[in-house]
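So the chains spell out like this:
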Protein chains: 2
Amino acid sequence: MGMSIEVVVLISVIASVIGLAFAVYQRNWVLAQSAGNDKMQRIASAIQRGAQAFLRREYRAVAILVAVVTVILLILSAIEGTGMSPWTAVAFVAGALASGLAGYFGMYIAVRANVRTTQAASESLNKGLRVAFASGTVMGTIVVSLALLGVAGLFLLFINQIENEFVAVSALAGFGFGGTSIAIFARVGGGIYTKAADVGADLVGKTEANIPEDDPRNPATIADNVGDNVGDVAGMGSDLFESYASSIIAAITLATLGSFTAGASVDDAFRLAAQVFPLLVAAAGIVIGIGATFLVQTKEGATQEMLLGSLRKGVYSASAAVGAAVVAIGLLLNLGWGVIIATLSGLVGGVAIGYFTEYYTADSYRPTQKLSESAQGGAGIVIIRGLALGMFSTIAPVLVVVIVTLVATAATGLYGVAVAAVGMLATLGITLATDAYGPVADNAGGIAEMAELPKQVRERTDALDSLGNTTAATGKGFAIGSAAMTALALNAAFIAALSGQTPENVIFTVDILDPRLITGLFLGAMLPYLFSALSMLAVGSAAQAIVDEVRRQFREIKGIMEGTAEPDYERCVGISTDSAIRQMIAPGLIAVAVPVGLAVLALIGQGNFIGELVGRETIIGMLVGSLISSFMLAVMMANAGGAWDNAKKYIEAGHFGGKGSQAHKAAVVGDTVGDPFKDTAGPSLNILIKLLAIVSLVIAPLLATAPIL
Amino acid sequence: MGMSIEVVVLISVIASVIGLAFAVYQRNWVLAQSAGNDKMQRIASAIQRGAQAFLRREYRAVAILVAVVTVILLILSAIEGTGMSPWTAVAFVAGALASGLAGYFGMYIAVRANVRTTQAASESLNKGLRVAFASGTVMGTIVVSLALLGVAGLFLLFINQIENEFVAVSALAGFGFGGTSIAIFARVGGGIYTKAADVGADLVGKTEANIPEDDPRNPATIADNVGDNVGDVAGMGSDLFESYASSIIAAITLATLGSFTAGASVDDAFRLAAQVFPLLVAAAGIVIGIGATFLVQTKEGATQEMLLGSLRKGVYSASAAVGAAVVAIGLLLNLGWGVIIATLSGLVGGVAIGYFTEYYTADSYRPTQKLSESAQGGAGIVIIRGLALGMFSTIAPVLVVVIVTLVATAATGLYGVAVAAVGMLATLGITLATDAYGPVADNAGGIAEMAELPKQVRERTDALDSLGNTTAATGKGFAIGSAAMTALALNAAFIAALSGQTPENVIFTVDILDPRLITGLFLGAMLPYLFSALSMLAVGSAAQAIVDEVRRQFREIKGIMEGTAEPDYERCVGISTDSAIRQMIAPGLIAVAVPVGLAVLALIGQGNFIGELVGRETIIGMLVGSLISSFMLAVMMANAGGAWDNAKKYIEAGHFGGKGSQAHKAAVVGDTVGDPFKDTAGPSLNILIKLLAIVSLVIAPLLATAPIL
């Protein structure tokens, strides 16, 4: 059966609207819950104000960049012969707006659901879970709905407005570029904020003043809770929004360029079907995801395992249903089993990466238990073993990516890599929901502590939080895996686009020993190290600023420790905001500037000696080098960080001497190192590779039409 | 001027013999020095016995591997159509023997020079320096002389014995393979030994029992001193032996294959000159290096800066003289300025990497001072900042490698990369001497402490040791940089050899999006992580065994702490040896098995579906991926480790609270993490990339003649 683009876009828009309507319904339900007593509401309001203030300043800073890039894109499209369309700029702004909105709405609901979760948890564990999870579904559904709406709408618009189909598709990449530009700053800025506040609060509070986490006497405690929302919620929302949108864009691009199995006979009907296939899979995924959220329910008195089982039931059911939908859509569109198998390989790969991530980071498995045990040998040993665990844990995700790539390409060429990424992300609505609920539960616990609610409430929120840690680790593995697949698909689209934009089976050959390629590979491999160094140093110095401020308040404001005077929370919030905004600039700019700078040099270098040093090969090398290098580092950091966190919690649960023992002190050091690993540097690398790839794809027409090579 | 191969080989042999004679002369001079009193000699003899026992067991274990590989190589050469010569097996055995001898002689002189340095230091600082440095020159000169002797001799033999010039050159790669096979086990085994003993001794001795380093009451103190010799001396000797030999082999191979600038008109005379050029540069380097050692002299009462200046004078003079020799040889052979510039770029690049390494790791510069300062924030902060420093420090070496590659290739094609590596390593004789003297000085301090010599002696050896730390850091950067250039040259030779072994300007093009290439890149990038994880875990568990044993002895042997009973040093030596030997096997085997396994799969996969999954592209991808990934990790680990070490020493020198302060405790944790970074995992990665490359080069004929692709 053939399907016109209009029909498919209509279906996608309907699915997106259903998603948005569901999100509004869930939002209203969450807001209708009780927000608890005055004290709780006062605390929640301080967190809301802090999060909003940060996002406002972040967006204001990023708006400047967006404006500058928009102008550059418009200028480029005005120059004759660049092959770039002014619609790229339109797509860019739309992507930036949508990504910003996705982050904003996620944060909006999270800072309102936190206190309601606390209140619900004071009634029962299950009520707490329902409120927190409902807020997660708001975020998850908004992210996928906005992304699909944007891609499908712009696709229809561009196909109608732009005569040349390749230029139309190429303009679509602008949407992903816009999304990533927001995401990189949201992840880096939010990541610096959250970990600076967290580490800063812990270092003085727990270590020096010996007061528990989230104690209201700690001046950095509000900032710590704000951080959970701006980093783990808004940052992650923008990040995955972009993976989701870009995977679809890459698939449409590769379908348009005809990058199927070499030698396969492909007619126009097949190409059209291949173009709309990712949109339909995404649409099905949204509706299925909504349905699956209703499976997440528990009986009263459920144990931790039952809670986790209930979340898993939702995710696994969604995966199975999406798998069935992929088969149905593929057959309906007459795409054949090649495309179906490629898509399914991504879907299965995503689940597999999630499983392996959990294996290496959850304290119910041996690796993290052994890490806990090694803490008895002191901080040095626990750091060495944690790093080794993180390094070791790269094997499984690498094998998954390799197998998915081999299967997908064997099944249907480069297009297969892109639909594998689409398949992996098709269940994003619900996986993101299970992930985004974690920070809400974490916040809920903080509010319970600060509002001095009965111990039982904190115990319930702790149970929710601990569940959130498990899903967060899985979510991180999933985010990295899908980022790698998306980047691979984008790189394929970029290289295919370079090959002259003819609808044939494109192969772009390079001399593997071309010094420009080698140069690019080394430079690319270096980028994630530079990027991680900058973001980790930023966390270090921002945390130091918090430490100094907390110490100052303890010293100067009499009565804090006795609980007779209130600390100045706002100042810590302000300091975190200032440092995070200031220090997110450099890494963000590097990620944008490197591919653009290399492209400019490649263009300047045509026919002169610069061309011997920098060329399109340099950009290709840089993309490939940064992809593989970032993937390794990101997996290593995320898993080492997750394992250290849970190793500490395992000791706190009474193993190897429990809280306060030497082993616990060593594990706390591990956790301190792991924090910027897993929540700042690691996740930012996902966006780095996507950003490098999408910037290159956006400027591909420039490089393809230019008479170089 | 043309030069026959016979004449050049004769010159090389003469240079090597001069080198060996000089080494014997220096050895005799060292042995003629006083070995001090009975107690000192007893301690030194225990260290000697331990080191010898370890080396014996290591070589016995490796001999099995060497025998197995030799048989495989012989079988392969006996099979019709593999294109492999039985001489490859001969070269392999010769390389293994020479590498083993280089390590053995280095260790032999080091364990005899240590106590003589102690005795000399009890007379004066300068005498101490002279003895320690003389032992370094023995090691440095033997390494380069054996390597040049082997390569030149086999080259002449093979050219005469084997009709096909390409097969002859390809057989030469066996020499490098043999060298690396020893080196990988020597570095990994020695690295595990030295750090397990060091960490184990410190953890119980310094941290629990509060006794100083090298205190005779610590049962692990002899093992600690043995470790310096088997890891830092024997391991490094085998490592750099191999870089040196392989860079020359790669240059000869690329000259034979005619891999010069594309389109350049190259006649047979030029090719012959290009073949012998690296041999002559190496020969000149040896003689110049010997001459430069005489510049390393100091006046009585020299300060630390003067000592360092004296070492630098030797190295820099040698570099300048080698530069002049390169120009002279290039002009003499009519090779033109392209080859000369390529070689000089490597020479300058080596010096630059050494400088940047020092900048990032020496406490006279800001990065390490800032790291020290951050230790006041606790162990977590100092670890984060150290990792960030290590990551940040990858920028400069990457830029150096990139610039050298671009310059060398622009100057004279792929052959340029190989002669750049030769140029970088031409001064190895003296750089290795300044490096190898460090562990001797370290040992000398240990003996002074254990023999309870006057405090002044220990102060002098500490000054020598601290000087050794600076040169060791420089040496490590140099080892990594030269390994990367050598691996790049070997990869070039491998890929050129794949292209059909015709003496033309070979270019091997690949589809950069070929899933097999992508697969190879990901797998290759993962290898150093797996390798590092294994070696770091090995250090962790071996150190744990030492900790348990030391604790047991403190508990069970009454009177140790009072100094009335002697601890059982031998048991700690035995435990370190056992764990190191046992745990070096897995990482070593992986490094050999991966390229061989992929090659087997590529051969099996001809014409069937396996060929869609694994092919020559997979091997190429694996080589490139592991090269860039290993380089980053190795630089990061070496520099972070060096910086942590010196940050700790900076605090011990009285900054930020000095010894015993909170900052010092945090810095000790950093140093504990840094130890396996800089002395086990990091340096082993150098060999990993060289081993992968040389194994591939050895089996290249197999893949080139097989009708795949």
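In case you missed it, the structure is sitting above this.
None of the values given here were measured: they were computed from a predicted structure. The residue count restarts for each chain, going from 1 along the sequence in the order it is written. A letter from A marks each chain and a number from 1 marks each ligand, given out in the order of writing. Only residues with pLDDT of 70 or above have their local features reported here, since the model is predicted, and side-chain atom pairs are shown and tallied only from 80 upward, although totals for entire chains, interfaces and linings are computed over all residues. As a convention, hydrogens and water are excluded, and side-chain values are obtained from all of the structure's heavy atoms.

Asks: Explain the overall build of chain A here, please?
Replies: A count of helical and extended segments in chain A gives 21 helices and one strand. Computed over the C-alpha atoms, the radius of gyration of chain A is 24 Å, within 12% of the 27 Å expected from 2.2 N^0.38 for a compact globule of 709 residues. Expressed as lengths along the three principal axes of its C-alpha atoms, the size of chain A is roughly 75 × 55 × 45 Å. Partly exposed residues are those whose accessible area sits between 20% and 50% of the maximum for their type, while under 20% is buried and over 50% is exposed, using a 1.4 Å probe and protein chains only. Here chain A, with 709 residues, has 69% of them falling under the buried criterion. A separation threshold of at least 6 residues defines the contact pool for chain A, and within that pool the share at least 24 residues apart is 85%. The helix and strand labels rest on DSSP assignments: H or I over at least four residues marks a helix, E over at least two residues marks a strand, and numbering proceeds from the N terminus. Throughout, the radius of gyration refers to the C-alpha atoms, and the reference size of a globule is 2.2 Å times the residue count to the power 0.38. Residues count as neighbours in contact if any of their non-hydrogen atoms are within 4.5 Å of one another.

Asks: Even after reading the chapter, I still don't get unusual backbone geometry, so can you show me in this structure?
Replies: Glycine aside, residues mostly have negative phi, and peptide bonds are mostly found in the trans state. Backbone geometry places F656 of chain A, a non-glycine residue, at a positive phi of 50°. Turning to its location among the elements, F656 of chain A is positioned in the loop between α19 (616-652) and α20 (662-698). Here the phi dihedral of E452 of chain B falls at roughly 55°; this positive angle occurs in a residue that is not glycine. The residue E452 of chain B is located in the loop between α14 (428-450) and α15 (455-498) in this model.

Asks: Any chance you could explain the relation of the copies chain B and chain A here in plain terms?
Replies: Both copies of the chain are related through a single rotation about an axis accompanied by a shift along the same axis. For the least-squares superposition of copies, only C-alpha atoms count, and only for residues with pLDDT at least 70 in both. Least-squares fitting of chain B to chain A yields an RMSD of 0.0 Å, with the superposition described by an axial translation of 0.0 Å and a rotation of 180°. Within this description, the copies of the chain are treated as partners about a two-fold rotation axis. The residues that chain B uses at the interface reappear at the interface of chain A in 100% of cases, marking a shared surface.

Asks: I'm lost on a nonpolar patch on the surface in this one. Help?
Replies: Residue and element names in this part refer to chain A. The patch calculation keeps residues exceeding 30% relative accessible area without a salt bridge and links them within 9 Å when they carry like charges or within 5 Å when they are nonpolar (Val, Leu, Ile, Met, Phe, Trp, Tyr). Computed with the Shrake-Rupley method and a 1.4 Å probe, the accessible areas treat only the protein chains shown as cover for residues. For this document, the term salt bridge refers to a Lys or Arg side-chain nitrogen within 4 Å of an Asp or Glu carboxyl oxygen. A contiguous nonpolar surface patch, about 530 Å² in accessible area, is contributed by L331, W337, I341, L399, I403 and V407. Elements that contribute at least two residues to the nonpolar patch include exactly α9 (336-361) and α12 (395-412). By residue number, the principal contributor to the nonpolar patch is α12, which donates three residues. Residue placement: W337 occurs in helix α9.

Asks: I would appreciate a short explanation of helix α5 (residues 165-208) of chain B in the present structure.
Replies: Side chains of residues three or four places apart in an α-helix project in the same direction, reflecting 3.6 residues per turn. All names here are of chain B. Take the number of residues in a helix, subtract one, and multiply by 1.5 Å to get its expected span. With 44 residues, α5 ought to run about 64 Å at 1.5 Å a step, and its terminal C-alpha atoms sit 63 Å apart, in line with that. With respect to burial, α5 is a largely interior element, 40 of its 44 residues being buried. N-cap assignment for α5: the residue whose side-chain oxygen lies 2.7 Å from the backbone N of F166 is N164. With its phi angle positive at about 55°, N210 sits one or two positions after the end of α5. Two N or O atoms form a polar contact when they lie within 3.5 Å of each other; inside protein one atom must be a possible hydrogen donor and the other a possible acceptor, and for residues adjacent in sequence the pair counts only when both atoms belong to side chains.

Asks: I tried to follow the pattern of salt bridges on my own but got confused; where do I start?
Replies: As a working rule, side chains carrying opposite charge can pair if their charged atoms are close by. All names here are of chain A. If you walk through the whole model with that rule in mind, you get 60 salt bridges over all chains. For D198, the salt bridge identified is with K195, shortest N-O distance 3.0 Å. Taken together, the residues D198 and K195, both in helix α5 (residues 165-208) and three residues apart, mark about one turn of the helix. Residue D198 is classed as buried on the basis of its relative accessible area of 11%. Under the relative-accessibility criterion, K195 is labelled buried at 4%. The salt bridge involving K195 is made with D679; its shortest N-O contact spans 3.0 Å. Remark: D679 occurs in helix α20 and K195 occurs in helix α5; sequence separation between them is 484 residues. Here the two residues K195 and D679 agree in accessibility, since each one is buried.

Asks: Help me out: how do you make sense of the packing of helix α8 (residues 304-332) of chain B against helix α9 (residues 336-361) of chain B in this one?
Replies: In a packed pair of helices, the relevant descriptors are the angle between the two axes and the axis-to-axis distance. Residues and elements named next belong to chain B. With their axes 8 Å apart at the nearest point, α8 and α9 run at an angle of 165° to one another. Judged on the interaxial angle alone, α9 and α8 are roughly antiparallel. Regarding α8 and α9, the two cross each other, and that crossing is right-handed. For the pair α8 and α9, the contacting residues are R312, Y316, S319, V322, G323, V326, V327, G330 and L331 in the first and G336, W337, I340, T343, L344, L347, V351 and E358 in the second. Residues are grouped as follows: Ala, Val, Leu, Ile, Met, Phe, Trp, Tyr, Cys and Pro are nonpolar; Asp, Glu, Lys and Arg are charged; every other residue, Gly included, is polar. In terms of residue class, the contact of α8 with α9 is built from ten nonpolar, five polar and two charged. Between N-to-C directions, angles span 0 to 180 degrees; the directions come from axes that are lines fitted to C-alpha atoms, helices contributing only their stretch in contact. Here the angle decides the label: under 35 degrees means roughly parallel, over 145 means roughly antiparallel, 65 to 115 means roughly perpendicular, and every other value means oblique. For any helix crossing, the convention is left-handed if the near helix is rotated counterclockwise from the far helix by under a right angle, and right-handed if that rotation is clockwise.

Asks: Would you take a moment to explain the interface of chain B and chain A for this structure?
Replies: At the interface, 69 residues of chain B touch 69 residues of chain A. Of the roughly 6,200 Å² buried at the junction of chain B and chain A (both faces included), carbon and sulfur atoms supply 87%. In this assembly, chain B and chain A are joined by zero salt bridges. The interface formed by chain B and chain A holds one residue pair in polar contact (both at pLDDT 80 or more) in total. Residue composition of the side of chain B that touches chain A, grouped by class: 54 nonpolar, eleven polar and four charged. The pairing criterion is simple: DSSP has to find at least two bridges between the two strands. Alignment of strand β1 (residues 509-511) of chain A against strand β1 (residues 509-511) of chain B, held across three bridges, turns out to be antiparallel. Across the sheet, the residue bridging to D511 of chain A is T509 of chain B, located in β1 of chain B. Buried area is understood as the total, over both parts, of accessible area removed when two parts are fitted together, assessed with a 1.4 Å probe.

Asks: Before we go on, may I ask you to explain helix α7 (residues 268-293) of chain A in this structure?
Replies: Residues and elements named next belong to chain A. In this model, α7 (26 residues) spans 38 Å end to end at C-alpha, consistent with the 38 Å of a helix rising 1.5 Å per residue. Values of bend correspond, residue by residue, to the angle between axes fitted over the seven residues ending at that residue and the seven starting there. Of all bends in α7, the biggest is about 30°, found at V276, and the proline P278 comes one to four residues later. Within α7, 21 of the 26 residues are buried, which leaves the element mostly enclosed by the surrounding structure.

Asks: How should I be thinking about the packing of aromatic side chains in this particular structure?
Replies: Centre distance and the angle of the planes are the two values used to describe a pair of aromatic rings. Residues and elements named next belong to chain A. In summary, the pairing rule links any two rings of Phe, Tyr or Trp, Trp by its six-membered ring, whose centres are within 6.5 Å, and it sorts them by plane angle into stacked for under 30 degrees, edge-to-face for over 60 and tilted for everything else. Applying the stated criterion across every chain, the model contains 30 aromatic pairs over all chains. Taking 4.8 Å as the distance between ring centres and 55° as the angle between the ring planes, the aromatic pair formed by F92 and F177 counts as tilted. Here F92 is found in helix α3 (residues 87-123), whereas its partner F177 is found in helix α5, with 85 residues between them in sequence. On the basis of relative accessible area, F177 is assigned to the buried category, the value being 4%. A connected cluster of aromatic rings, assembled from ring pairs, spans Y104, F105 and Y108. In this arrangement the basic side chain of R112 is found over the ring face of Y108, its NZ or CZ atom lying 3.9 Å from the centre. Sitting over a ring, as applied to charges here, requires NZ of Lys or CZ of Arg to be within 6 Å of the ring centre and within 35 degrees of the ring normal.

Asks: It is not clear to me how the environment of A411 of chain A should be interpreted in this structure. Could you clarify?
Replies: Residue and element names in this part refer to chain A. If you trace the backbone, A411 turns up in helix α12. Along the sequence, A411 and G336 sit 75 residues apart, while their C-alpha atoms lie 10.0 Å from each other. Excluding anything up to four places from it in sequence, A411 contacts T261, G338, I341 and A342.

Asks: It is not clear to me how the environment of A245 of chain B should be interpreted in this structure. Could you clarify?
Replies: Turning to its location among the elements, A245 of chain B is positioned in helix α6 (residues 221-256). It is 14 Å that separates the C-alpha atoms of A245 of chain B and V13 of chain B, two residues lying 232 residues apart in sequence.

Asks: Sorry, what's going on with the side chain of R516 of chain B here?
Replies: Relative to the elements of secondary structure, R516 of chain B occurs in helix α16 (residues 515-556). Those residues in contact with R516 of chain B that lie beyond four places of it in its chain are L406 of chain A together with G611, E612, L613, V614, G615, E617 and T618 of chain B.

Asks: Where do I start with the packing of helix α17 (residues 569-604) of chain B against helix α20 (residues 662-698) of chain B in this structure?
Replies: All names here are of chain B. Contact geometry of α17 with α20 gives a least axis separation of 9 Å together with a crossing angle of 35°. The way α17 lies across α20 gives a crossing that is right-handed. Packed against α17, whose contacting residues are A591, V592, P595 and V596, the element α20 presents L688, L691, L692, V695 and S696 at the interface. Across the contact of α17 with α20, the residue classes break down as eight nonpolar, one polar and no charged.

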